Amino acid sequence: MALEHAILVSLLEKPGSGYELARRFDRSIGYFWTATHQQIYRVLKRMEGDGWVAAREVPQQGKPDKKHYAVAPAGHAVLDAWLHEPIEPESVRHDLAVKIRGAAFGDPSALMRQVERYRQVHSERLAHYLAGELRDFTGPDAPAEPDGMGELQHVVLRGGIAYERMTLAWLDDVLATLHRIHARTGH
């Protein structure tokens, strides 16, 4: 997937300025596809030049005008063509998994702090996902009947929640194993 596709999806969900789009990447879609604010602005400019998005100037009080972006018909066509392309299964490249295997040839206790830090990151991400789910889908202020877009956003979020829970369970297993080895070997 290219950043352009992630931007098209986000703008179809809700048109907005480059700043608003970058904030959405920070809050939601960025957990599944990351990009810096500079990358987003650079790609938006190229997409505008290619006719994939249309921009209109929005005057601001005491600040420079901002551009408000929406997907143009050409962008819809690009996204539709991309949706029809087959997806190849992703290859797994996991530095932590290789380090865990490598710990058999060194001091496994040295890896415990890294695994604990890694676990903390995933724990915080799960908490963020669960808070978003409560806010947007299951809480008292969530829409009673989500539209198709909301249902698809929720199924992606549920996938993220399931992934984080699975990762945390695996990391707990890794830590327990490292502690057992450390207790047995003193390393």
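Everything below is about the structure shown above.
Residues numbered from 1 in each chain as written. Predicted model: local features only at pLDDT ≥ 70, side-chain atom pairs only at ≥ 80, totals over all residues. Heavy atoms only, no water.

Participant: I'd love a proper account of the overall build of the chain, names of residues and values included.
Facilitator: A tally of helices and strands in the chain yields 7 helices and 3 strands. Overall, the chain shows an N-to-C arrangement of helices and strands of α-β-α-α-β-β-α-α-α-α. For 187 residues, the compact-globule estimate of 2.2 N^0.38 gives 16 Å, and the chain exceeds it by more than 25% at 21 Å. Summarising its shape, the C-alpha atoms of the chain cover approximately 65 × 45 × 40 Å along the three principal directions. Pairs at least 24 apart in sequence give 60% of the contacts found in the chain among residues at least 6 apart. (Helix = DSSP H or I, 4+ residues; strand = E, 2+ residues; numbered from the N terminus. Rg over C-alpha atoms; globule rule 2.2 N^0.38 Å. Contact = heavy atoms within 4.5 Å.)

Participant: Describe helix 7 (residues 148-185), naming the residues involved and giving the relevant values.
Facilitator: Over its 38 residues, helix 7 runs 55 Å from end to end, which matches the ideal 56 Å to within 8%, given 1.5 Å per residue. Taken as a whole, helix 7 has its buried residues at Gly150, His154, Leu157, Gly160, Ile161, Glu164, Thr167, Leu168, Leu171, Val174, Leu175 and Leu178. Looking at the buried positions of helix 7, the neighbouring elements they touch are helix 5 (95-102) and helix 6 (109-138). Just past helix 7, the residue glycine 186 takes up positive phi, approximately 80 degrees. (Expected span 1.5 Å × (residues − 1). Buried < 20%, exposed > 50% of the residue type's maximum accessible area, 1.4 Å probe, protein only.)

Participant: Describe the pairing of strand 3 (residues 63-71), with residues and values.
Facilitator: Note: strand 1 (residues 16-17) against strand 3, 2 bridges, orientation antiparallel. Paired with glycine 16 across the bridge in strand 3 is tyrosine 69. Sheet topology places strand 2 (residues 53-60) next to strand 3; 7 bridges connect them, and they run antiparallel. Within the sheet, the bridge partner assigned to arginine 56 lies in strand 3 and is histidine 68. Hairpin connection of strand 2 to strand 3: 2 residues between the antiparallel strands, including glycine 62 at a positive phi of 75 degrees. (Pairing = 2+ DSSP bridges.)

Participant: Tell me about the environment of glutamate 20, and name the residues and values.
Facilitator: With respect to the helices and strands, glutamate 20 occurs in helix 2 (residues 18-27). Residue class for glutamate 20 comes out partly exposed when judged on its relative accessible area of 32%. What glutamate 20 contacts, discounting residues up to four positions off in sequence, is Pro15, Lys66 and His68.

Participant: Provide a residue-level description of the nonpolar core, including the pertinent values.
Facilitator: With 19 residues, the main nonpolar core has Ile7, Leu8, Leu11, Leu21, Phe25, Ile40 and Leu44 as its most contacted residues. Listed by contribution, the elements that provide at least two residues to this core are helix 1 (3-13), helix 2, helix 3 (37-49), strand 3 and helix 4 (73-83). Broken down by element, the residue count for this core peaks at 5 residues, all from helix 1. By size, the runner-up hydrophobic cluster in this structure holds 9 residues, among which are Leu96, Met112, Leu171 and Val174. (Core = buried A, V, L, I, M, F, W, Y, C linked by side-chain atoms within 4.5 Å.)

Participant: Tell me what's going on with a nonpolar patch on the surface, and back it up with residues and numbers.
Facilitator: Nonpolar side chains collect at one region of the surface, where Phe32, Leu152, Val155 and Val156 lie side by side and expose about 360 Å² of accessible area between them. Within the secondary structure, valine 156 is located in helix 7. For valine 156, a relative accessible area of 43% translates into the label partly exposed. (Patch = residues over 30% accessible without salt bridge, like charges linked within 9 Å, V, L, I, M, F, W, Y side chains within 5 Å. Areas by Shrake-Rupley, 256 points an atom, 1.4 Å probe, with all protein chains shown as cover. Salt bridge = Lys/Arg side-chain N within 4 Å of Asp/Glu carboxyl O.)

Participant: Quick rundown of the sheet that holds strand 2? Include the residues and the values.
Facilitator: Strand order in this open sheet of 3 strands is 1-3-2, and the pairing throughout is antiparallel. The open sheet has two edge strands, strand 1 and strand 2, and neither has a second partner.

Participant: Tell me about the side chain of serine 10, residues and numbers included.
Facilitator: Its location among the elements puts serine 10 in helix 1. Its relative accessible area of 2% is what places serine 10 among the buried residues. Among all residues touching serine 10, those that are not within four sequence positions of it are Leu21, Arg24 and Phe25.

Participant: Any details on the pattern of salt bridges? Residues and values, ideally.
Facilitator: Evaluation of the coordinates by the stated rule reveals 6 salt bridges. The shortest N-O distance in the salt bridge between glutamate 4 and arginine 46 comes to 2.2 Å. With glutamate 4 in helix 1 and arginine 46 in helix 3, this pair connects stretches of sequence that are 42 residues apart. In this structure arginine 46 comes out as partly exposed when scored by relative accessible area, which is 40%. Put simply, glutamate 164 and arginine 125 hold a salt bridge, and the shortest N to O gap is 3.7 Å. Taken together, the residues span a long stretch of sequence, with glutamate 164 in helix 7 and arginine 125 in helix 6 at a distance of 39 residues. A residue is classified by how much of its surface remains accessible, and glutamate 164, at 2% relative accessible area, is buried. On the basis of relative accessibility, which here comes to 25%, the residue arginine 125 falls in the partly exposed class.

Nothing here speaks to function; it is all geometry.
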